[in-house]
Amino acid sequence: MSDLSLQDQLEAEALHNNEQLLNFKVRSKHIDWHMYVKPLRPRYAKPIYLKKQFNLLSNYNEQIDDSNRRELLLCHDMMGNYLEDRHFNSSKKFDDYRFYHWSGVDYFCYFSHHYVTIPPCGWINAAHKHGVRVLGTFITEGHTGDQLLHDVLASREMINNIVSAMVKLCKHYGFEGWLVNIECKVNSNDMENLYYFLDRLHLAIEDQISHGIVLWYDSIIETGQLLWQNELNAKNVRFLKSSHGMLINYSWTDKSLEVTRTLCERERAACQTIFFGIDIFGRGQIAKFHSKQTLARIAKQCFSVGIFAPAWTYETLQQYGYDIKHITGRNDVNEAFLQRNEKFWWSLWEHLATYPYHYLPFYTDFCLGSGRQVYVRGKIEILNETPFFNLSRQSLQPSVPLHELATRCYEDAFNGGSCLRIEQHDRTFRLFATDFKLQYNGLVCAYAYKLQERDGEFDCILRFCTDNNAHDCYLFLGDYYDTYSLYKGRCYVSPFKAKENEELLKDSVACPEIPISLSCDDLASANSNGWRVRYYVVAFDGPVHIKDAGVLYRKSTDAKDTAYLGAFYLNEFDVNAYNFSTASNFAYIPIYGKDLLN
């Protein structure tokens with residue numbers, strides 16, 4: 001098989017009829033998609049509400065339990081979908097729509113108006129890397145959909161076969177389940193078979209797919225009429241009982257919220273299983289850049305939310321004269337989209353639950369899955385100087401929106417297609433909410449940065465606490481003359497001198513994306529286009545818990561530019577396995593002792 005033929009078969013596609021579905025008529029049927037799809041990374045850390053403190057490196061947050069838990073379903077429907085994002089391999093349209101605020105999302109649905117929508121590999125990989133479950137769409141609408149559904153419900157044997165085929169698609173392509181959207185009238189005689197279909201799909205997905213889920217869209221009622229209720233009530237509650245949750249149509253009112261809460265209490269159904277819809281284009285609700293008002297009403301009642309058409313931030317650029325259909329992308333489109341997108345999600349974030357990162361080693365180069373060119377170790381990769389768009393290449397992303405704090409720079413990068421350009425100075429801000437528990441009492445942190453000496457000073461900062469959360473302390477990882485405690489809870493650490501202990505870097509710290517050859521801060525900038533990498537090695541006198549990672553840029557008064565962050569790396573190590581020389585800048589922090597805390 002030629003490379004071109006293989007690439008064509010790796011493209012995502014929808015299925016349009018039952019024959020295609022039952023006979024598994026997909027071009028990639030002979031391809032092992034597990035070679036291309038990243039497995040779902042489970043989320044073990046509990047989410048938190050950061051409220052208005054999400055842009056600060058602060059210990060203020062609201063803990064989550066069953067009484068206040070809310071979830072977010074993201075329904076992506078952009079111009080029919082299956083655009084440049086359908087490719088497994090890169091397209092050249094680097095400015096295409098990207099989603100990257102995964103820390104606030106529980107489920108991602110690739111939605112289209114085709115009969116069976118199979119999510120593209122890039123979306124699955126980007127979501128899975130961040131622990132987000134992915135859904136396809138099963139939709140019947142109009143005369144064609146009416147006939148397809150009639151054929152499905154003709155017999156229970158047919159239903160069983162359809163369910164088996166839908167489970168097979170999940171297994172083959174590596175996604176977690178389905179949003180079922182029946183938007184056509186159902187014959188009353190077929191209603192029992194419809195319930196049977198939903199029950200069978202629900203149980204089969206739950207039983208055969210790891211972390212499987214089936215959601216139902218509020219559309220028809222118990223009689224089979226197509227009659228959106230915009231709430232949970234006696235006419236549609238049966239569908240909730242046959243699924244994991246329900247997406248409520250977006251034309252709801254405050255009265256709808258009250259009715260739904262009353263019924264949830266009566267049925268002993270968790271409010272978080274009800275997703276009230278917000279169409280970002282504004283159908284039925286206050287939306288667009290004012291979506292926060294609508295989301296706040298949902299959050300007040302502790303329901304989950306279904307955000308529909310988040311690509312509004314991208315699609316509507318054409319109303320302002322931007323060419324969003326340019327074949328290779330445009331810089332003005334990319335910059336305008338990123339600015340609008342950050343502002344939009346920043347406005348919503350205090351009402352969304354944030355999932356902390358909890359896997360070590362942790363590494364990101366901040367690549368969004370696109371770029372004007374590919375950078376490797378600070379320099380443009382000569383063999384790949386063309387623009388690219390491939391969401392499978394998206395790195396782990398900041399936990400919170402960075403509106404007015406940092407921007408995405410596509411003119412430079414350490415690895416991938418972009419880096420962070422720091423806009424906020426003289427005040428710390430959060431990049432990552434974390435839940436890293438160090439088993440061996442030691443950590444190694446490294447970051448790639450670019451900053452002219454005359455332009456100021458730069459620190460990455462870690463907020464950490466003792467194992468019992470009794471004390472809250474901060475590590476300032478910058479360039480200092482010595483390692484010391486300035487006052488209670490703050491430690492200032494100098495870069496580790498790799499030449500003093502090369503074995504530590506080789507054995508315990510090595511990360512292929514941050515090469516050892518760039519580990520010395522005094523490396524000649526010409527070798528890496530001005531990028532430098534700092535390493536820090538820190539030990540504690542007991543177990544610690546890393547809760548946040550952020551930055552602080554102290555900008556000088558005569559600065560000509562700003563600071564750039566190109567990569568961030570964090571790992572743990574066993575402090576008892578190494579003997580450090582006094583000249584290595586190894587830092588010992590007695591967090592349980594009196595030196596630091598007093």
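An unreviewed UniProt entry annotates the protein as Cytosolic endo-beta-N-acetylglucosaminidase TIM barrel domain-containing protein originating from Glossina palpalis gambiensis.

Caption draft 1: Structural detail: the packing of aromatic side chains. Scanning the entire structure with this criterion turns up 46 aromatic pairs. Consider the rings of phenylalanine 99 and tryptophan 102, whose centres lie 4.8 Å apart with planes at 85°: the pair is edge-to-face. A relative accessible area of 0% places phenylalanine 99 in the buried class. A ring pair is formed by tyrosine 115 and phenylalanine 138, whose centres lie 5.1 Å apart and whose planes are at 50°; its orientation type is tilted. Here phenylalanine 138 lies in strand S6 (residues 133-141) and tyrosine 115 lies in the loop between strand S4 (107-110) and strand S5 (116-117), a separation of 23 residues in the sequence. Assessed through its relative accessible area of 0%, phenylalanine 138 is described here as buried. Put simply, the rings of Tyr97, Phe99, Trp102, Phe108, Trp123, Phe289, Trp312, Tyr314, Phe337, Phe344 and Trp345 pair up and form one aromatic cluster. Taking the ring centre of phenylalanine 24 as reference, the NZ or CZ of lysine 168 above it sits at 4.4 Å. The ring of phenylalanine 303 is capped by arginine 261, whose NZ or CZ atom sits 5.7 Å from the centre of that ring.

Caption draft 2: Here's a closer look at unusual backbone geometry. With an omega dihedral of 0°, the bond running from leucine 360 to proline 361 counts as a cis peptide bond. Although it is not a glycine, arginine 377 sits at a positive phi angle of roughly 55°. Tracing the backbone shows arginine 377 in the loop between strand S15 (375-376) and strand S16 (379-380). In this structure arginine 377 comes out as partly exposed when scored by relative accessible area, which is 40%. With a phi close to 70°, asparagine 441 is a non-glycine residue in the positive phi region. As for its placement among the helices and strands, asparagine 441 is situated in strand S21 (residues 441-450).

Caption draft 3: Region of the structure containing the pattern of salt bridges. Taken as a whole and judged by the stated rule, the model has 24 salt bridges. One salt bridge in this structure joins arginine 238 and aspartate 199, with 3.4 Å as the shortest N-O distance. Placement of the pair is arginine 238 in helix H7 (residues 237-241) and aspartate 199 in helix H6 (residues 191-208), with a sequence separation of 39 residues. Close ionic contact of arginine 330 with aspartate 332 constitutes a salt bridge, the shortest N to O distance being 3.1 Å. Judged by relative accessible area, aspartate 332 falls into the partly exposed class, the value being 32%. Linked by salt bridges that have partners in common, Arg430, Arg463, Asp472 and Asp548 make up one network.

Caption draft 4: How the structure looks around the nonpolar core. Core analysis: the largest hydrophobic core is formed by 153 residues, its most contacted members being Phe197, Phe458, Leu475 and Phe568. Shared between two domains, this core takes at least three residues from each, and those domains are domain 1 (6-354) and domain 2 (362-589). Beyond its immediate chain neighbours, meaning those up to four positions away, phenylalanine 458 contacts Ile422, Tyr447, Tyr449, Leu451, Leu477, Gly478, Arg534, Val551, Leu552, Tyr553, Ala563 and Leu565.

Thresholds, definitions, all that
- Numbering of residues starts from 1 in every chain and runs along the sequence as written.
- Local features in a predicted model are, by the rule used here, given only for residues with pLDDT of at least 70; side-chain atom pairs are given and counted only at 80 or more, and totals for whole chains, interfaces and linings are based on all residues.
- Side-chain figures throughout are based on the complete set of non-hydrogen atoms in the structure, without hydrogens or water.
- To pair, rings of Phe, Tyr and Trp, with the six-membered ring standing in for Trp, must have centres within 6.5 Å; the planes then decide the type, stacked if under 30 degrees apart, edge-to-face if over 60, and tilted in the middle.
- Accessibility here uses a 1.4 Å probe with only protein chains present; expressed as a share of the type maximum, an area under 20% marks a residue as buried, one over 50% as exposed, and anything in between as partly exposed.
- Helix and strand definitions follow DSSP, with helices as H or I runs of at least four residues and strands as E runs of at least two, each counted in order from the N terminus.
- A positively charged side chain is recorded as over a ring if its NZ (Lys) or CZ (Arg) lies within 6 Å of the ring centre. The angle to the ring normal must also be within 35 degrees.
- The salt bridge criterion pairs a side-chain nitrogen of Lys or Arg with a carboxyl oxygen of Asp or Glu, the two atoms within 4 Å.
- By convention a nonpolar core is built from buried Ala, Val, Leu, Ile, Met, Phe, Trp, Tyr and Cys residues, the set being connected through side-chain atoms within 4.5 Å.
- What counts as a domain boundary in this text is fixed by an automatic or database domain assignment.
- Residue contacts are counted whenever heavy atoms from the two residues lie within 4.5 Å of one another.

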